[in-house]
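Listed below are the residues making up each chain.
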Amino acid sequence: MRYSATSRASAKTCTQTTIVFKLNRPFQEFDYLVATPQTAPVPQAKDTGVDYVKSIVSSGSYKFQSYKEGQQAVLVRNENWDAKTDPLRKQYPDKIVVKLKVNAETIDQDVQAGDAIDLGGTGVQAATQAKVVNDSNLKANTDNTYGGRLVYMAINTQVAPFDKVECRKAVEYAIDKVSVQTAEGGPIRGDIATTVLPPDIPGYQKADVYATTGNKGDVAKAKEQLKACGKSTISTNISARSDRPQEIDAATAIIASLKKVGINASMKQYPSGKYFTDYAGVPSFDKKQNIGLHMMQWGADWPSGYGFLQQILHGDAIGASGNTNLSYLNDKQINEMLEKAIATEDDTARNALYGQIDKRAMDLAALVPLTYFKVLLYRPAGFTNLVSSAAFSGQYDYLNIGTTKK
């Protein structure tokens, strides 16, 4: 992450239980930033670098009993934890066993049998979905919630001819979003999207700048924008992750829509593990390969407008590699509004700014919102306190899940 707040803070330990951060400018959501898992404080003597995973400090309600890399972790109650100093956490199960690298279909089977919770939070797999939604008894045990995520296609504003806003607007109007939604798995996997911010993120304002009849695209308007861009046809490439079948299917549907208006796009597939570090997230690679369009899915690092928008719209998030701002947008107005928003103390005023940033990004046609991601979670029998939250990308809050099993 390249959050500018990290360069604004210095910290010193005042007591054994308190850390005081001094910021050189206001950052109203700093509590969210320091609450992210990768910021957990560790005593310096216990920081063993790359070997830290072999002996993890347990300061919460549970501690590691054992850990086998790539296999499983076993957590048990931490006898040193004091409930009086930690009102958020409980100690419900005696033991928590986390199994790693389990086949997705096996997870579905275990969850439906009541033997496990889907810790990854990906929800019911496509192969199992039909069985669940078509059985009223099984469907009654599901939660179909927004996941604080947006499925979208970034338009690379630095790759010609998409450096011209009219060419980007042609793409906006061209896409049949219903065909993309179908490719992604239907309405149960996401509602048609028209904004950057999803409905479950503060700052969302309902809008549809590039509205088309039935969300099926408008060939005439797309061609009109192409003409305004000085083009009748465009040849480009679209990147997608090779190990995400639904993303490949969605990109295929987009290619078909674009072809109808004279935009000929070919798909380039790259593995998820290197998508940002070696391919789509590398500006020089994109220009060399003429990749003007990028398939993307994004979830908030924390559930706010800044947590969602900064890493995909702020110019400071652009580097030589590892980018998540795949639109490569560096708009002075958006940058300034993001900085103003994070310094604004009043929640209502801050959220209003996030809505304005969303509108500006759509006016610039920096990306094409496709679907507001929804996850289909199955509630296994025998577990309690299963609550879905946008703070966890629609997943269950795993902190205080309990069990009725003995």
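Use the structure listed above.
This write-up is about the structure you can find in this document. (Residues numbered from 1 in each chain as written. Predicted model: local features only at pLDDT ≥ 70, side-chain atom pairs only at ≥ 80, totals over all residues. Heavy atoms only, no water.)

Here's the deal with the overall build of the protein
Looking only at helices and strands, one finds 13 helices and 13 strands in the protein. Residue burial in the protein is summarised as follows: out of 406 residues, 45% are buried. Counted over contacts in the protein with a minimum sequence separation of 6, partners at least 24 positions apart contribute 68%. In the form shown here, the protein has an accessible surface area of approximately 20,100 Å², with 50% of it arising from carbon and sulfur atoms. Of the side chains in the protein, 47 bear a positive and 42 a negative charge, and the two mean positions are spaced by 2 Å. (Helix = DSSP H or I, 4+ residues; strand = E, 2+ residues; numbered from the N terminus. Buried < 20%, exposed > 50% of the residue type's maximum accessible area, 1.4 Å probe, protein only. Contact = heavy atoms within 4.5 Å. Areas by Shrake-Rupley, 256 points an atom, 1.4 Å probe, with all protein chains shown as cover. Lys, Arg positive; Asp, Glu negative; His and termini not counted. Charge placed at Lys NZ, Arg CZ, Asp CG, Glu CD.)

Digging into the side chain of N78
Mapping N78 onto the fold places it in the loop between β4 (72-77) and β5 (95-99). What makes N78 buried here is its relative accessible area of 5%. A polar atom in the side chain of N78 sits 3.0 Å from the backbone oxygen of G60. Excluding its chain neighbours within four sequence positions, the residues that come into contact with N78 are S58, S59, G60, S61, Y62, K63 and Q91. (Polar contact = N/O pair within 3.5 Å; in protein donor to acceptor, adjacent residues only side chain to side chain.)

Some words on the state of the cysteines
Counting across every chain of the model gives one disulfide. Residue pairing for C167: its cysteine sulfur links by disulfide to C229, the two sulfurs lying 1.8 Å apart. As the torsion about the S-S bond is roughly -95°, the C167-C229 disulfide counts as left-handed. Of the two residues, C167 is situated in helix α5 (residues 165-174) and C229 in the loop between α7 (219-228) and β8 (234-241); the sequence distance between them amounts to 62 residues. Each member of the pair, C167 as well as C229, is classed as buried. (Disulfide = S-S within 2.5 Å.)

Digging into the environment of Y279
On the secondary structure map, Y279 appears in helix α9 (residues 275-279). With 11 residues separating them along the chain, Y279 and K268 place their C-alpha atoms 9.8 Å apart. In this structure Y279 touches Y270, P271, K274, F285 and D286, once residues within four positions along its chain are discounted.

Observations regarding the pattern of salt bridges
This structure, assessed with the given rule, holds 12 salt bridges. The residue R241 makes a salt bridge to E247 at a minimum N-O spacing of 2.9 Å. Judged by relative accessible area, which is 6%, E247 ranks as buried. Overlapping salt bridges bring together E29, D347 and R350 as one network. (Salt bridge = Lys/Arg side-chain N within 4 Å of Asp/Glu carboxyl O.)

Quick look at the packing of α5 against α7
The packing of two helices is summarised by the inter-axis angle and the distance between the axes. Orientation of α5 relative to α7, taken along the N-to-C sense of each, is 170°, at an axis distance of 8 Å. Classified by the interaxial angle, the pair formed by α5 and α7 is roughly antiparallel. Taken together, the residues of α7 that come into contact with α5 (itself represented by E166, K169, A170, Y173 and A174) are K221, A222, Q225, L226 and A228. Classifying every residue of the contact of α5 with α7 gives six nonpolar, one polar and three charged. (Axes fitted to C-alpha atoms, helices over the stretch in contact; angles between N-to-C directions. Parallel < 35°, antiparallel > 145°, perpendicular 65-115°, else oblique. Nonpolar A, V, L, I, M, F, W, Y, C, P; charged D, E, K, R; others polar.)

Side note on helix α6 (residues 177-184)
Turning to α6, its buried residues are K177, V180, Q181, A183 and E184. One side of α6 carries all its buried residues, which in axial view fall inside an arc of 160°. As for α6, its buried residues are in contact with β6 (142-155), β7 (190-192), α8 (245-259) and β11 (367-378). Once α6 finishes, G185 follows within two positions and takes phi at roughly 125°, a positive value. (Arc of directions from axis to C-beta.)

A short note on the pairing of β6
Judged by how many residues are buried, β6 sits mostly within the fold: 11 of 14 residues are covered. In this structure, β6 lies alongside β11, joined through 10 bridges in antiparallel fashion. Paired with V151 across the two strands is T371, which belongs to β11. The pairing of β6 with strand β10 (residues 291-299) spans seven bridges and is classified as antiparallel. Its bridge partner being in β10, I155 is matched across the sheet by L293. (Pairing = 2+ DSSP bridges.)

Looking at the sheet that holds β10
The six strands lie next to each other as β7-β11-β6-β10-β8-β9, forming an open sheet whose pairing is mixed. Only two strands of the sheet have a single neighbouring strand rather than two, namely β7 and β9 (263-270). For this sheet the average axis-to-axis angle between neighbouring strands, irrespective of direction, equals 25°. As paired elements, β7 and β11 share three bridges and run antiparallel to each other.

Focus: helix α12 (residues 332-342)
An α-helical turn contains 3.6 residues, so any two residues separated by three or four positions project in the same direction. Within α12, burial applies to I334, N335, M337, L338, A341 and I342. One face of α12 carries all of its buried residues, which in axial projection span an arc of 165°. Summarising the geometry of α12, the exposed residues directed more than 90 degrees from the buried face are K332 and K340. Considering only its buried residues, α12 is in contact with α11 (305-313) and α13 (347-363).

Side note on the sheet that holds β5
With respect to topology, three strands assemble into an open sheet ordered β3-β4-β5, the strand pairing being antiparallel. If you trace the sheet from one side to the other, it starts and ends with β3 (62-68) and β5, each paired once. Neighbour-to-neighbour, the strand axes of this sheet turn through a mean angle of 20°, independent of strand direction. Pairing analysis gives five bridges linking β4 to β5, with the strands arranged antiparallel.

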